[in-house]
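Read off the chains here:
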Amino acid sequence: NAGVTQTPKFRILKIGQSMTLQCAQDMNHNYMYWYRQDPGMGLKLIYYSVGAGITDKGEVPNGYNVSRSTTEDFPLRLELAAPSQTSVYFCASSPDKWGVGRVVDEQYFGPGTRLTVT
Amino acid sequence: KQEVTQIPAALSVPEGENLVLNCSFTDSAIYNLQWFRQDPGKGLTSLLLIQSSQREQTSGRLNASLDKSSGRSTLYIAASQPGDSATYLCAPEEGRRGVTGGGNKLTFGTGTQLKVEL
């Protein structure tokens, strides 16, 4: 059971380039999330998904896009990279709190992707 | 909008001390509150989750309390060890929403950076 995995671990982009940050989980969790963490700041929610085919914006969605075609995968797309997107990106997942027998719904985090845009 | 404050921002203590980390939040209409640990360059590890109906939760040397009405949570670490050195984050989850509503969204504080010295 690998939990939440993210690739790549590090990436340097030039301004205007595009890239996709990959996230996968093998815990059969319905809920998945993307956060960014800037130095000295708390984590901010970018996008989240409550199941395959369903996504919604979080607090800081501008400049990003997501898709959720399967339960396992939740990629984050940066279309035109800007220096303001230099950050550490974390993917997380949690079980469906409406599931039978579920009471607690902790979020489980991946190891992060450190992105620099220059 | 939920705002989360953690005090102190940084703490350095000798091994063996009992510690108190504080978290306050502005919107008391939360569903639960999670405490995380983050090691440098790593992802977040969930330590404890307290549901809004609970007053406290314990795991080993860790004890977290929640006073929802006053917007406060406290993490107690007993008999601190050098391996406890990390940043500790608290994250209240927004209150319940409808079945089709969006996931368990967390708001993070900026954390308390703890160093336990030999």
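### Some thoughts on the sheet that holds strand 7 (residues 62-67) of chain B
Residues and elements named next belong to chain B.
- In space, the five strands of this open sheet follow the order 1-3-8-7-6, with antiparallel pairing throughout. Only two strands of the sheet have a single partner each, and these edge strands are strand 1 (4-7) and strand 6 (56-59). Sheet twist, expressed as the mean angle between neighbouring strand axes with direction ignored, is 15°.

### Here's the deal with the packing of aromatic side chains
- Here the structure, examined in full by the defined rule, presents eight aromatic pairs over all chains.
- Aromatic pair F109 of chain A and F36 of chain B: ring centres 5.4 Å apart, planes at 80°, arrangement edge-to-face. Placement of F109 of chain A in strand 10 (residues 108-109) and of F36 of chain B in strand 4 (residues 30-38) is noted, with the two residues assigned to different chains. Across the pair, exposure class does not vary: F109 of chain A and F36 of chain B are buried alike.
- Chaining the aromatic ring pairs together yields one cluster made of Y33, Y35, F90 and F109 of chain A together with F36 and F108 of chain B.

### So, the sheet that holds strand 7 (residues 64-66) of chain A
All names here are of chain A.
- On the basis of which strands lie adjacent, the open sheet formed by four strands has the order 1-3-8-7 and antiparallel pairing. The strands lining the two open edges of the sheet, one partner per strand, are strand 1 (4-7) and strand 7. Across the sheet, the mean angle from the axis of one strand to that of its neighbour is 20°, orientation sign disregarded.
- Across four bridges, strand 1 lies against strand 3 (residues 19-25) in antiparallel orientation. Within the sheet, the bridge partner assigned to V4 lies in strand 3 and is Q25.

### A few points about the state of the cysteines
Residues and elements named next belong to chain B.
- By the definition in use, this model includes two disulfides over all chains.
- Shown here is the disulfide that connects C23 with C90, its sulfur atoms set 1.8 Å apart. Judged by the sign of its S-S torsion, about 55°, the cystine formed by C23 and C90 is right-handed. Remark: C90 occurs in strand 9 (residues 86-94) and C23 occurs in strand 3 (residues 19-25); sequence separation between them is 67 residues. In this structure, C23 and C90 share a single accessibility class: buried.

Thresholds, definitions, all that
- Residues numbered from 1 in each chain as written.
- Chains lettered and ligands numbered in written order.
- Predicted model: local features only at pLDDT ≥ 70, side-chain atom pairs only at ≥ 80, totals over all residues.
- Heavy atoms only, no water.
- Pairing = 2+ DSSP bridges.
- Helix = DSSP H or I, 4+ residues; strand = E, 2+ residues; numbered from the N terminus.
- Axes fitted to C-alpha atoms, helices over the stretch in contact; angles between N-to-C directions.
- Phe/Tyr/Trp six-rings, centres within 6.5 Å; stacked < 30°, edge-to-face > 60°.
- Buried < 20%, exposed > 50% of the residue type's maximum accessible area, 1.4 Å probe, protein only.
- Disulfide = S-S within 2.5 Å.

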